[in-house]
Amino acid sequence: QVQLVESGGGLVQAGGSLRLSCTASGSIFSINTMSWYRQAPGKQREFVARFTSGASTYYLDSVKGRFTISRDNAKNTVSLQMNSLKPEDTAVYYCAANIMGDGGTFFRNYWGQGTQVTVSS
């Protein structure tokens, strides 16, 4: 079984910073992309950032220049450094990864349980 566990959420004032981390564990053969999504109350889940296996990064337009995604392949970890946070960044943040398990023949998507980020004005 594969699990994704996030950490690092919390409450911060506008303009502050938080760092989220997500570690994949279990019977993992290979990890393709690792990503962050978020879901605000009453809204659909949206893409925030992605780090591909080729080390390319992609961001939601509204977080460009403020958020930075990084990845440690040796530790199966992806992190999201969030600076200059705004109240509209308040959401539950989810880690997602495209993983092939040991003995597997295809990649599938796995999701973490989510971590709350609240930005006060």
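Going by the structure above, here's the rest.
Here's what I pulled together on the structure shown here. (Residues numbered from 1 in each chain as written. Predicted model: local features only at pLDDT ≥ 70, side-chain atom pairs only at ≥ 80, totals over all residues. Heavy atoms only, no water.)

With that out of the way, let us pick up the nonpolar core. If you look at the biggest cluster of nonpolar residues, it comprises 31 residues, and the most contacted ones within it are Trp-36, Leu-80, Met-82, Tyr-93 and Ile-99. Mapped onto this core, the elements with two or more residues apiece are β1 (2–7), β3 (18–26), β4 (28–39), β5 (46–51), β7 (67–72), β8 (77–82), β9 (91–101) and β11 (115–120). Considering each element in turn, this core owes the most residues, five residues, to β9. Discounting residues that sit within four places of it in the chain, Leu-80 has contacts with Leu-18, Arg-19, Leu-20, Trp-36, Val-48, Ala-49, Phe-67, Thr-68, Ile-69 and Tyr-93. (Core = buried A, V, L, I, M, F, W, Y, C linked by side-chain atoms within 4.5 Å. Buried < 20%, exposed > 50% of the residue type's maximum accessible area, 1.4 Å probe, protein only. Helix = DSSP H or I, 4+ residues; strand = E, 2+ residues; numbered from the N terminus. Contact = heavy atoms within 4.5 Å.)

A few words on the state of the cysteines. Summed over all chains, the structure comprises one disulfide. What pairs with Cys-22 in a disulfide is Cys-95, and their sulfur atoms sit 2.1 Å apart. Looking along the S-S bond of the Cys-22-Cys-95 disulfide, the torsion reads about -75°, which is the left-handed sense. Within this pair, whereas Cys-22 is found in strand β3, its partner Cys-95 is found in strand β9, the two being separated by 73 residues in sequence. The buried category is assigned to Cys-22, whose relative accessible area is 0%. Residue Cys-95 is classed as buried on the basis of its relative accessible area of 0%. (Disulfide = S-S within 2.5 Å.)

This paragraph deals with the pairing of β3. A regular strand places its side chains on the two faces of the sheet in alternate fashion. Across six bridges, β1 lies against β3 in antiparallel orientation. Bridge pairing links Ser-7 to Ser-21 in β3. As defined by bridge partners, β3 adjoins β8 across six bridges and the pair is classed as antiparallel. From the neighbouring strand, Thr-23 faces β8, where its bridge partner is Thr-77. (Pairing = 2+ DSSP bridges.)

Scanning all chains against the criterion turns up two aromatic pairs. Relative to Phe-47, the ring of Tyr-37 lies with its centre 5.8 Å away and its plane at 75°, an arrangement referred to as edge-to-face. Of the two residues, Tyr-37 sits in strand β4 while Phe-47 sits in strand β5, which places them ten residues apart along the sequence. Judged by relative accessible area, Tyr-37 falls into the buried class, the value being 18%. An aromatic cluster is built from Tyr-37, Phe-47 and Trp-111, whose rings are joined through pairwise contacts. The ring of Tyr-94 has Arg-45 sitting right over it, with the charged end atom 3.8 Å from the ring centre. (Phe/Tyr/Trp six-rings, centres within 6.5 Å; stacked < 30°, edge-to-face > 60°. Lys NZ or Arg CZ within 6 Å of the ring centre and 35° of its normal.)

What follows deals with the side chain of Ser-35. Along the chain, the position of Ser-35 falls in strand β4. A distance of 3.0 Å separates polar atoms of two side chains, one belonging to Ser-35 and the other to Arg-50. (Polar contact = N/O pair within 3.5 Å; in protein donor to acceptor, adjacent residues only side chain to side chain.)

Tallied over the entire structure, the rule returns four salt bridges. When the shortest N-O distance is used, the salt bridge between Arg-38 and Glu-46 registers 2.7 Å. Overall, Arg-38 belongs to the buried group, its relative accessible area being 5%. Given the relative accessible area of 30%, Glu-46 is considered partly exposed. When the shortest N-O distance is used, the salt bridge between Arg-66 and Asp-89 registers 2.8 Å. Taken as a pair, Arg-66 in the loop between β6 (57–59) and β7 and Asp-89 in the loop between β8 and β9 lie far apart in primary sequence, 23 residues in all. Each of the two residues, Arg-66 as well as Asp-89, counts as buried. Among the charged side chains, a salt-bridge network with shared partners connects Arg-38, Glu-46, Arg-66 and Asp-89. (Salt bridge = Lys/Arg side-chain N within 4 Å of Asp/Glu carboxyl O.)

Remember, this is a structural readout, not a statement about activity or role.
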